[in-house]
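Structural overview for review
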Amino acid sequence: MRKRTTAVIVALGLAMAACQVDADPPSEDVATTATAIPVEPDGGTGAGAGPPMVVQADTIPQKYRGVWDYSGGNCHPASDLRMEVGPRTITYYESQGTVKAVKPGGKDGIIVVLAMAGEGEQWTTTQRLDLSADGKTLTPSDAQAPADHKPMPRTRCAT
């Protein structure tokens, strides 16, 4: 009889645990996920001109990475418009951004959400990075207010 009672209690406990709802459901924040998002080269979902570009939700794709400077810059670390793009960070002259999310941004473009820190301040920004077809020019812009900023294309620095 005791074994049967124990079995019933265990079964009830398991049934209750299976029905229990978490008080804090998992967040669906894209910044904390690392799933691949397939995107066609033209940014659409139709019959694109090649295999889809895969964007990792928290990693900047390899083709955007490197050291970039304004077309008239010298790529020196003290150059005001120099930027270094890594897999999970973008470093500017006086600030650094930690990647929180990466999303497709059309043909040869991505949208990057960055947690920024610099000169004693912290803020969040959303940057659009457009890469030229030959991979030699990167044009960053403010993804939230593109009309407010004049594009300042960067060229890839020799490493």
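Residues numbered from 1 in each chain as written. Predicted model: local features only at pLDDT ≥ 70, side-chain atom pairs only at ≥ 80, totals over all residues. Heavy atoms only, no water.

Reading fine detail from the predicted coordinates is not recommended where pLDDT is low. Looking at the chain as a whole, its pLDDT mean stands at 76, while 64% of the residues score no less than 70. Mean pLDDT per element in the chain: helix H1 (residues 2–19) is the minimum at 47, and strand S5 (residues 89–91) is the maximum at 97. In the model, residues 4–8 has pLDDT below 50 throughout and makes 0 contacts with residues more than four positions away in sequence or in other chains. Low confidence marks residues 10–45, where pLDDT is under 50. Its contacts with residues over four positions away, or in another chain, come to 45 contacts. (pLDDT = per-residue confidence, 0-100. Helix = DSSP H or I, 4+ residues; strand = E, 2+ residues; numbered from the N terminus. Contact = heavy atoms within 4.5 Å.)

Here we take up the pairing of strand S6 (residues 96–104). Note: S5 against S6, 3 bridges, orientation antiparallel. Within S6, the position partnered with Ile-90 by the bridge is Gly-97. Remark: 4 residues form the turn of the hairpin made by S5 and S6, two consecutive strands paired antiparallel. Pairing between S6 and strand S7 (residues 109–118): 8 bridges, direction antiparallel. Bridging across to S7, Gln-96 finds its partner in Ala-117. Linking S6 to S7, which pair antiparallel, is a turn of 4 residues; within it Gly-106 sits at a positive phi near 90°. (Pairing = 2+ DSSP bridges.)

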